[in-house]
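# A closer look at the structure
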Amino acid sequence: MTIQVNPQAIPTSEDQALVQRFLDGEESAFTQITLKYRKQVYAVAYRFTRNHAEADDLTQETFIRAYNGLANFRQEASLKTWLLKICTNLSINLTRSGRVTKDSGDAVEDHDHGKGAVSEARLIQEQRHEELYAAINQLPPKQKETLLLKTFQDMTCEEVAKIMKCSPGTVKANVFNAVKKLRTLLKVGVNS
Amino acid sequence: MNNTPNKPRTEQEAFAAYLDNPNDAAAREEAAELIAMMESIEAIEAPDPGQEYWNQFNHRLQQRLENRPRKRARFSWRFFFGGWQTTAFAFAGLLVLGFLLMPSTPRQSDLNPSDNQWAQMSEQDLAFIDQLYSDDYLDGNLSDLVESDVAQLLDDLGEDSQFLERDGDLPLDENFDSEAFKSLWNAEG
């Protein structure tokens, strides 16, 4: 009898093995780590910057830092959390520095939504997203960062707390205050 | 049995319950507006840059890893001393060690004859100094020493003293350099 094992069901031990292989000198193990997590890292970077060029640069920089720092990775958190933490910190530093420019010309085409004519519903949705992001950008940095992480790929409060170096209770309070403020901002109009 | 009626949750408490368990129906009802906003943010997905981008991604990453500037090892006191606790502990240890060793250890100058004028003296010289303190020759004060006293001393002790310029033609009392002796005496206390 053959037991089918879903690799996604045992990510931790698989990641541990990849890390160990890399530390033993097998460079291809790092390539596998990159292939596994690069889309999630890019998504976090894009959420913070809303700019493809910046997100690309942050994603590359995240993996460079991971390559250099993997020997110091103590596996207290999962590899995914560790990578997202690096990316989040880099993104926060970039956004707080004010050097992020709004996408102009190098915005990516959203391949997941297919090519062809853009429907009216899609335009309305994109406009709503823009308003939402404009409001999110007006939030205090901690609230904004916590909210973006919490709303990213079903991340738990504990995972966000590890990345933000705070308690899960603080995460919940920050997200609550952020959403409440967003509600107010969107009611009165972001630009007014 | 607990008869206390359930206290209605605040919006924040209901929202926190939803964050712990998105399927909490009561929480969804109590914080409906905030949860709807939260879900609209969750619905915003980062656009996928496309397969062409991802095909190039690892190749570009590899190039950046190869071309990255090598970090120069920067000098850091932390490298030697670790954290401040280690430094403080080591410093305290040195102080204790120094304190323990200090009283029982003689000065190096005491041990090295070449650094100590008294250690260079012959037994004759030491006896000479001892005699100077005696009441027979000196009444407690070096300035009262007269050359005749010294001559007497030298007669008693012989001619080995280093304070004598050895000139056989002159009487002993004229060979004695009393000023040099006094200055040495004063310098050495």
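Placed above this text is the structure.
Our subject in this report is the structure included herewith. Source: prediction; values computed, not measured.

## Here's the deal with the overall build of chain A
Counting its regular elements, chain A contains 8 helices and 0 strands. Element order for chain A, N to C, with α for helix and β for strand: α-α-α-α-α-α-α-α. Within chain A, contacts between residues at least 6 apart in sequence are counted, and of these 65% link residues at least 24 apart.

## Considering the interface of chain B and chain A
Contacts between the two partners involve 28 residues from chain B and, on the opposite side, 45 residues from chain A. Carbon and sulfur atoms make up 64% of the area that chain B and chain A hide from each other, which totals about 3700 Å². At the junction of chain B and chain A, the tally comes to 8 salt bridges. A salt bridge links Glu61(A) to Arg64(B); the nearest nitrogen and oxygen atoms lie 3.3 Å apart. Between chain B and chain A we count 14 residue pairs in polar contact (both at pLDDT 80 or more) in total. The set of elements that each furnish at least two residues to the side of chain B that touches chain A consists of helix 1 (11-20), helix 3 (32-42) and helix 4 (51-67) of chain B. Looking at the side of chain B that touches chain A element by element, the count peaks at 8 residues for helix 4 of chain B.

## Quick look at the nonpolar core
Phe30(A), Leu70(A), Leu79(A), Leu83(A), Leu147(A) and Phe15(B) are the most contacted members of the largest nonpolar core, which has 72 residues in total. The leading source of residues in this core is helix 2 (residues 27-49) of chain A, at 11 residues. Not counting residues within four places of it along the chain, the set of residues in contact with Leu70(A) comprises Val19(A), Phe22(A), Leu23(A), Phe30(A), Ile33(A), Leu79(A) and Trp82(A).

## Brief notes about the side chain of Ser91(A)
Residues and elements named next belong to chain A. Mapped onto the elements, Ser 91 comes out in helix 4 (residues 79-97). Judged by relative accessible area, Ser 91 falls into the buried class, the value being 0%. Those residues within four positions of Ser 91 in sequence are excluded, and the remaining contacts are Ala 45, Phe 48 and Leu 58.

Calculation notes
The numbers attached to residues start from 1 for each chain and follow its sequence in the written order. Note on labels: chains are lettered from A, ligands numbered from 1, in written order. Per-residue local features are limited, in this predicted model, to residues with pLDDT of at least 70; the limit for side-chain atom pairs, both in listing and counting, is 80 or more; totals at the level of whole chains, interfaces and linings are taken over all residues. To obtain the side-chain values, all non-hydrogen atoms of the structure were included, while hydrogens and water were left out. Secondary structure elements are taken from DSSP: a helix is a run of H or I of four residues or more, a strand is a run of E of two residues or more, and numbering for both begins at the N terminus. For this analysis, residues touch if any pair of their heavy atoms sits within 4.5 Å. Summed over both partners, the accessible area lost on bringing two parts together, with a 1.4 Å probe, is the buried area. Note on definitions: salt bridges are taken to be side-chain nitrogens of Lys or Arg within 4 Å of carboxyl oxygens of Asp or Glu. The term polar contact refers here to a pair of N or O atoms within 3.5 Å; inside protein, the definition further demands a hydrogen-donor-capable atom paired with an acceptor-capable atom, and it admits residues adjacent in sequence only when both atoms are side-chain atoms. Working definition of a nonpolar core: buried Ala, Val, Leu, Ile, Met, Phe, Trp, Tyr and Cys residues. They are joined through side-chain atoms within 4.5 Å. With a 1.4 Å probe rolled over the protein chains alone, any residue whose accessible area is under 20% of its type maximum counts as buried; one over 50% counts as exposed, and the rest are partly exposed.

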